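# Results of the structural survey
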Amino acid sequence: MASQVSELDCRDCSPEQIEACIQRALLSPGAKRVLREALAAGTATETMMRQLQAYCQRLAATPTKRKQGILSRMKPSPPPAKSTTSARVELPPDLHEAPTMVMDARAMQAFIAETIAQPSPGETLAESMLQEELPKPTTAWMLHVHKTGHRVAVPHTGRLTLGSLDPFGRIFPDIDLSYDDREHRSVALVHASITGQDDMHIIEDFGSTAGTSLNGQRLLARNAYRLERGDILALGLCELAYEPAPSSWTIPGKHYILYATPTGHVFELSEREELIIGRSDPRLGFKPDVDLSAEGDTATLVSRRHAALRYHGGFIEVADLGSTNKTRINGALLPPGVWVPLRPGQHLWLGGFGLSLDTRD
């Protein structure tokens, strides 16, 4: 079966045949949309082609070659562990809306599609926040992956999901640990959550296969545990320390960096009036200030001119430039053309590519 699939070329099929394969595919609606757009725009990767060919029904028949392929006929679409005793706490009912991740593949796919892959209007940053005076970052705590240097701001209130990205399936947790866990791949797509509530932070595992441990003790799924200074979390085999955030996060500065969560690459941000983030296009002679072209398949959903950064009072602001696949901060959707604050430790999502803002201490 595998050898037959590899000999096929989806670009020799008609648009109707392509659509039939896409409809048969056991993929999320977001993944199917990416397939259509990539084929229409001529940007389909080998991984995408293999995914589509897995659902092809022409394997038993002789492929009919066409002089003109689909790409030309389709129009583009617009520190040491502490005590092993973990303190369990009770969460209010409204923080238990997500079901356990111990479920079959189709149920998981449906949950992800509804809660993460397709944001609701409520995820858009509040207009009142965008119009008010830019607040100074006040993050007090963070999760620190000492092995890679990745630092994650923990919210004072609200909840963040922790996991690893699936760019092809459009599954984006708020915090991406892909590169941090690259050697083991033990972090699930939606692995756990961390919640800020009443001057404390609590961790909860979603029922992930590899589980979540606190100071060496595996946590019960769907139960909340309070974090204490110096605690060591392990999502699968990926360790994160719960620590106070550095002072550089709360004072105006000039030495900012962007940490690429899928690759671990670091981009230094020069203090200029405006920096463009995107992908270069040699045919057009265009190269953005922060070029993600060499970041692999994970950056295929990034537009050429995707977003802009600028310094404002020693802090960083970001604006979406009308990108096709949108821009998010920690999962919250940004309206195009509006400058909003990006704080150290927060994750900037460009399509399916994650960048974490940090400072040089």
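Scroll up to find the structure this text is about.
I will try to describe carefully the structure that is included in this document. What you see is a predicted model; the values in this text were computed from it and never measured.

The strand order 16-15-17-18-21 describes an open sheet built from five strands, whose pairing is mixed. Both edges of this open sheet fall to strand 16 (290–291) and strand 21 (340–342), since each of them pairs with a single strand only. Here three bridges tie strand 18 (residues 315–320) to strand 21, and the two strands are oriented antiparallel to one another. By the bridge assignment, Val318 is partnered in strand 21 with Val340.

Grouped together as the largest cluster of nonpolar side chains are 26 residues, with contacts concentrated most on Leu269, Ile277, Leu292, Leu309, Val318 and Leu355. For this core, the secondary-structure elements that each account for two or more residues are strand 13 (256–260), strand 14 (266–269), strand 15 (275–278), strand 17 (307–312), strand 18, strand 21, strand 22 (347–350) and strand 23 (353–359). Once residues lying within four places of it in the same chain are set aside, the contact partners of Val318 are Ala307, Ala308, Leu309, Ile329, Leu334, Val338, Trp339, Val340, Leu342 and Leu348. In terms of nonpolar packing, the next biggest core, distinct from the first, is built from 21 residues, Leu143, Leu160, Leu214 and Leu235 among them.

With respect to topology, six strands assemble into an open sheet ordered 3-2-12-11-8-9, the strand pairing being antiparallel. Across the chains shown, the open sheet's two edge strands, defined by having one partner strand only, are strand 3 (150–153) and strand 9 (217–218). Pairing geometry for strand 2 (residues 141–145) and strand 12 (residues 238–244), over four bridges, is antiparallel. If you follow His144 over to strand 12, its bridge partner there is Ala241.

Evaluation of the coordinates by the stated rule reveals two aromatic pairs. Both rings, one in Trp141 and one in Tyr242, keep their centres 4.7 Å apart while their planes meet at 10 degrees; by these two values the pair is stacked. Residue Trp141 is located in strand 2, and its partner Tyr242 is located in strand 12; the two are separated by 101 residues in the primary sequence. Between the NZ or CZ atom of Arg182 and the centre of the ring of Tyr179, over which it lies, the distance is 3.9 Å.

It is worth spelling out the pattern of salt bridges at this point. Where charged atoms from two side chains of opposite charge approach closely, those side chains can pair. Counted by the stated rule, this structure contains nine salt bridges. Its salt-bridge partner being Glu183, residue Lys147 comes within 3.1 Å of it at the nearest N-O pair. Here Glu183 lies in the loop between strand 5 (175–176) and strand 6 (192–197) and Lys147 lies in the loop between strand 2 and strand 3, a separation of 36 residues in the sequence. In terms of burial, Lys147 and Glu183 fall into one category: exposed. With its nearest N and O atoms 2.5 Å apart, the salt bridge here joins Arg310 to Glu317. The partly exposed category is assigned to Arg310, whose relative accessible area is 25%. Several salt bridges converge on common partners, so that one network encompasses Asp281, Arg283 and Arg304.

Let us now look at the environment of Ile203. Among the structural elements, Ile203 can be located in strand 7 (residues 200–205). Judged by relative accessible area, which is 0%, Ile203 ranks as buried.

Parameters and conventions
Residues numbered from 1 in each chain as written. Predicted model: local features only at pLDDT ≥ 70, side-chain atom pairs only at ≥ 80, totals over all residues. Heavy atoms only, no water. Pairing = 2+ DSSP bridges. Helix = DSSP H or I, 4+ residues; strand = E, 2+ residues; numbered from the N terminus. Core = buried A, V, L, I, M, F, W, Y, C linked by side-chain atoms within 4.5 Å. Buried < 20%, exposed > 50% of the residue type's maximum accessible area, 1.4 Å probe, protein only. Contact = heavy atoms within 4.5 Å. Phe/Tyr/Trp six-rings, centres within 6.5 Å; stacked < 30°, edge-to-face > 60°. Lys NZ or Arg CZ within 6 Å of the ring centre and 35° of its normal. Salt bridge = Lys/Arg side-chain N within 4 Å of Asp/Glu carboxyl O.

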